[in-house]
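Single-letter residue listing:
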Amino acid sequence: MIWVVPLTALAVGLLLGGLLMRTGRVALFVALALGLFGIGAWMIVEGRAAEDGWTGIGYAVSALLMAAPCLVGMLAGGALGQWRRRVAALRRAGLEASGGPR
C-alpha cells in the first residue's frame, strides 16, 4: 500500500510533463514544476517548524511520498515529451532523428 501513492504521483507527473512538453506548453510546464518544488519545500519547512513531532513527520512524509515523485515524474516526462517533439519536427522536415537525410 505504501507504494501506491508515490507510483500514482510519479505516473501523473510523467503523463502531465510529457503532454505539456509534447504540445509545446513550456511556460506552463515550468510554472507547474516550480510550483511542485515550492510545495515540497514548504512541506519540509513547515515540518521542521512544527511543535509536535508527529505533525513534522506527516509533512516530511507528504513531501517525500507525494511531491517529490510527482516532480521527478514531471521532469522525466518533460524530457521525453521534448525529445518526441524534436523527433517529430525532424521527420516533418524530411530528416532522420540521427540528423542525416532519409
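See above for the structure.
Quantities reported herein were computed from a predicted structural model and do not represent experimental measurements.

Between its first and last C-alpha atoms helix 2 (residues 26–49) spans 34 Å; for 24 residues at 1.5 Å apiece the expected length is 34 Å, and the two agree. Within helix 2 the residues assigned to the buried category are Phe29, Ala33, Leu36, Gly40, Met43 and Gly47. Elements that come into contact with the buried residues of helix 2 comprise helix 1 (4–22) and helix 3 (53–92).

Okay, helix 3 next. Spanning 40 residues, helix 3 covers 57 Å between terminal C-alpha atoms, matching the ideal 58 Å at 1.5 Å per step. For helix 3, the principal kink sits at Ala63 and spans about 30 degrees. Two residues or fewer after helix 3 comes Gly94, characterised by a positive phi angle close to 85 degrees.

Time to look at a nonpolar patch on the surface. On the surface, a nonpolar cluster with roughly 540 Å² of combined accessible area is contributed by Ile2, Trp3, Leu7, Leu10 and Val72. By the secondary structure assignment, Val72 is in helix 3. Judged by its relative accessible area of 52%, Val72 falls in the exposed class.

We now examine the nonpolar core. For soluble globular proteins, the rule of thumb is that nonpolar side chains tend to be buried together. Within the largest apolar cluster, nine residues are counted, these being Ala9, Leu20, Met21, Phe29, Ala33, Leu36, Cys70, Leu71 and Met74. Taken together, the elements giving at least two residues each to this core come down to helix 1, helix 2 and helix 3.

If you walk through the whole model with that rule in mind, you get one aromatic pair. Centre to centre, the rings of Trp42 and Tyr59 are 5.8 Å apart; their planes meet at 85 degrees, and the pair counts as edge-to-face. Note that Trp42 is positioned in helix 2 and Tyr59 in helix 3, a separation of 17 residues in sequence. Given the relative accessible area of 47%, Trp42 is considered partly exposed. By relative accessible area, which is 24% here, Tyr59 ends up partly exposed.

Calculation notes
- Here the residue numbering is sequential within each chain, running from 1 through the sequence in written order.
- The predicted nature of this model means local features are confined to residues of pLDDT at least 70 and side-chain atom pairs, given and counted, to a pLDDT of 80 or more, with totals for whole chains, interfaces and linings taken over all residues.
- Note that water and hydrogens are dropped before the side-chain values are worked out from all heavy atoms of the structure.
- Where helices and strands are cited, they refer to DSSP runs of H or I of at least four residues and of E of at least two residues respectively, numbered from the N terminus.
- A helix is expected to span 1.5 Å multiplied by its residue count minus one.
- Each residue gets one of three labels from its accessible area relative to the maximum for its type: buried under 20%, exposed over 50%, partly exposed in between, using a 1.4 Å probe on protein chains only.
- Contacts are residue-level and defined by heavy atoms, with any inter-residue pair within 4.5 Å sufficient.
- Take the seven residues that end at a residue and the seven that start at it, fit an axis to each, and the angle between those axes is the bend at that residue.
- For patches, a residue must show more than 30% relative accessible area and have no salt bridge; joins then use 9 Å for like charges and 5 Å for nonpolar side chains, namely Val, Leu, Ile, Met, Phe, Trp and Tyr.
- To measure how exposed things are, a 1.4 Å probe is used in the Shrake-Rupley method; for residues, cover is taken only from the protein chains shown.
- Note on definitions: salt bridges are taken to be side-chain nitrogens of Lys or Arg within 4 Å of carboxyl oxygens of Asp or Glu.
- We define a nonpolar core as any set of buried Ala, Val, Leu, Ile, Met, Phe, Trp, Tyr and Cys residues linked to one another through side-chain atoms lying within 4.5 Å.
- Two aromatic rings from Phe, Tyr or Trp, using only the six-membered ring of Trp, form a pair when their centres are within 6.5 Å; if the ring planes differ by under 30 degrees the pair is stacked, by over 60 it is edge-to-face, and anything between is tilted.

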